[in-house]
Amino acid sequence: MADARWIEVDSYLQAALVPADPVLEQAIADSRRAGLPPIEVTALQGKFLSVLARLLQARRILEIGTLGGYSTIWMARSLPRDGQLVSLELDPDHAVVAAANLRRAGLADRVDIRVGPATHSLRQLADGGGGPFDLVFIDADKPGTEGYLDQALALCRAGSAIVVDNVVRHGALVDHQPDADAEGMQRAVSWLGRQPRVEATVLQTVGAKGHDGFALGMVL
Ligand code: SAH
Ligand code: DHB
Ligand code: MG
């Protein structure tokens, strides 16, 4: 699904902008060895999240969808020493791989992986006064995205940023008979458009993972 030219440009940019990083490379290798699906953000996208976290001077980050902790490492590295990242993951096998990758990255003290359905973990965070988060990255099951936006917003403050991955889905977003994932993203985009507390846009992307896009919202 990815044009050879997009992959070539991603490789060029990665070579220029992302230094070789054994910890991140081992995180990917161990995720593959454990049989996790190869659906992490790209290195350039990971760096985008890390730059955003720094711009926000984020001290608390919420991630929904950990997988092997690749995007988690990128974002957690931007935290100050006493910062915290809470990452929500449904699959206990994924969480085990992520925990090992985060330990190797020296980030175990700053990252709290919570296993279970994100809806449940988000409710627990709200009940326990878990907010506010400075940055939220939503990247779990796509049909759940609208609900995660709604629950995450309650854990944000004015000035928080919310990023959603995989909004465009190779253009499936505009299909007349969208699959469940694309339909989930249609609902998410519609939510972003009508939610008065969030100012949002979507940037289409191409690259090693094909044609997709990030939503970026700012909480008012
Ligand atoms: N953010 C990761 C990729 C996440 S892939 C990265 O870029 O490195 C999506 C993850 O969401 C998978 O690990 C999947 O198990 C998890 N997931 C799926 N449904 C979920 C749910 N209901 N609650 C929490 N996590 C879920
Ligand atoms: C896919 C990619 C993702 O980034 C994700 O979060 C889920 C699925 C995919 O390419 O199928
Ligand atoms: Mg994703």
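Before reading further, recall that the structure is shown in the block above.
Because the structure is a prediction, the values reported are computed rather than measured.

Novice: Sorry if this is basic, but what is going on with the coordination of the magnesium ion (ligand 3) here?
Specialist: Think of it this way: four donors in a tetrahedron around the metal ideally sit 109.5 degrees apart, and six in an octahedron ideally sit 90 or 180 degrees apart. Surrounding the magnesium ion (ligand 3) are the protein donor atoms Asp139 (OD), Asp165 (OD) and Asn166 (OD1), which sit 2.0 to 2.2 Å from the metal. The motif formed by the donor residues of the magnesium ion (ligand 3), counted along the single chain, is D-x25-D-N. You can see Asp139 sitting in the loop between β4 (133-138) and α7 (145-153) and its partner Asp165 sitting in the loop between β5 (156-164) and α8 (180-194), a full 26 residues away along the chain. The exposure class of Asp165 is buried, given its relative accessible area of 3%.

Novice: Just checking my understanding: could you explain the pairing of strand β6 (residues 198-205) for this structure?
Specialist: Each regular strand shows side chains that alternate between the opposite faces of the sheet. Pairing analysis gives eight bridges linking β6 to strand β7 (residues 212-219), with the strands arranged antiparallel. Its bridge partner being in β7, Thr201 is matched across the sheet by Leu216. Once β6 ends, the chain turns through six residues before running back antiparallel as β7, passing Gly210 with a positive phi of about 85°.

Novice: Is there a simple way to explain the site of ligand 1 in this structure?
Specialist: Around ligand 1, a shell composed of 22 residues is seen, among which Gly65, Ser71, Glu89, His94 and Asp139 lie nearest. Gly65 has a polar backbone atom sitting 2.8 Å from a nitrogen atom of ligand 1. Within the side chain of Asp141, a nitrogen or oxygen atom sits 3.3 Å from a nitrogen atom of ligand 1. Bound to the protein, ligand 1 loses 90% of the 590 Å² it would expose on its own. In a pocket analysis with a 2 Å cut-off to the grid points, ligand 1 is assigned to the largest pocket. Residue assignment for the shell around ligand 1 shows that the elements contributing at least two residues are α4 (70-76) and β2 (84-89). Here the residues of the shell around ligand 1 are counted per class, giving 11 nonpolar, five polar and six charged.

Novice: What am I meant to see in the site of ligand 2 here?
Specialist: For ligand 2, the full set of nearby residues is Ile39, Asp139, Lys142, Asp165, Asn166, Arg169 and Lys209. A distance of 3.0 Å is found between an oxygen atom of ligand 2 and a side-chain nitrogen or oxygen belonging to Lys142. One nitrogen or oxygen atom from the side chain of Asn166 is found 2.7 Å from an oxygen atom belonging to ligand 2. Contact with the protein chains covers 71% of the free accessible surface of ligand 2, which is 290 Å². Here ligand 2 occupies the largest pocket. Grouping the amino acids of the shell around ligand 2 by side-chain chemistry returns one nonpolar, one polar and five charged.

Novice: What's the story with a nonpolar patch on the surface in this structure? I'm lost.
Specialist: Taken together, Val9, Tyr12, Leu13 and Leu17 make up a surface patch of nonpolar side chains, about 390 Å² in accessible area. Tracing the chain through its elements places Tyr12 in helix α1 (residues 4-17). Residue classification places Tyr12 among the exposed residues on the basis of a relative accessible area of 62%.

Novice: Can you help me understand the pattern of salt bridges in this one?
Specialist: Opposite charge on two side chains makes pairing possible when the charged atoms of those side chains draw close. Under the counting rule described, the total for this entry stands at 13 salt bridges. Residue Glu40 pairs with Arg32 through a salt bridge whose shortest N-O separation is 2.6 Å. Asp82 is the partner of Arg59 in a salt bridge, and the nearest nitrogen-oxygen pair spans 2.8 Å. Remark: Asp82 occurs in the loop between α4 and β2 and Arg59 occurs in the loop between α3 (43-55) and β1 (60-64); sequence separation between them is 23 residues. You can call Arg59 partly exposed: its relative accessible area is 43%. According to the relative accessible area criterion, Asp82 is exposed, its value standing at 60%. Sharing partners across several salt bridges, the network here consists of Asp30, Arg33 and Arg104.

Procedures and definitions
Per chain, residue numbering runs from 1 following the sequence as it is written. Think of it this way: whatever chain is written first is A, whatever ligand is written first is 1, and the rest follow in order. The predicted origin of the model limits local features to residues at a pLDDT of at least 70 and limits the giving and counting of side-chain atom pairs to 80 or more, whereas totals for whole chains, interfaces and linings rest on all residues. Side-chain descriptors were evaluated using all non-hydrogen atoms of the structure, hydrogens and water having been removed beforehand. The donor set covers N, O and S atoms within 2.8 Å of the metal, switching to 3.2 Å for Na, K and Ca, and it leaves out water, so a site may look short of donors. Secondary structure elements are taken from DSSP: a helix is a run of H or I of four residues or more, a strand is a run of E of two residues or more, and numbering for both begins at the N terminus. Exposure is judged per residue with a 1.4 Å probe applied to protein chains only, and the accessible area is read against the type maximum: over 50% gives exposed, under 20% gives buried, and values in between give partly exposed. At least two bridges found by DSSP between two strands is the condition for calling them paired. When at least one non-hydrogen atom of a residue lies within 4 Å of a molecule or strand, that residue is treated as near it. Contacts described as polar in this section are N or O atom pairs within 3.5 Å, which, within protein, must combine one atom able to donate a hydrogen with one able to accept it, while residues neighboring in sequence count only if both atoms come from side chains. The Shrake-Rupley method, run with a 1.4 Å probe sphere, supplies the accessible areas, and residue values consider only the shown protein chains as cover. The definitions used throughout rest on a 1 Å grid laid over the protein atoms alone, on which a cavity is an enclosed set of points accommodating a 1.4 Å probe that cannot get out and a pocket is an open set flanked by protein within 12 Å on both sides along at least five of seven lines; lining residues are those having an atom within 4 Å of a point. Any molecule with more than half of its atoms within 2 Å of a cavity's or pocket's grid points is counted as sitting in it. Basically, the charged four are Asp, Glu, Lys and Arg, the nonpolar ten are Ala, Val, Leu, Ile, Met, Phe, Trp, Tyr, Cys and Pro, and anything else, Gly included, counts as polar. Residues enter patches when they are more than 30% accessible in relative terms and free of salt bridges; like-charged ones are connected within 9 Å and nonpolar ones (Val, Leu, Ile, Met, Phe, Trp, Tyr) within 5 Å. By definition, a salt bridge exists where a carboxyl oxygen of Asp or Glu is found within 4 Å of a side-chain nitrogen of Lys or Arg.

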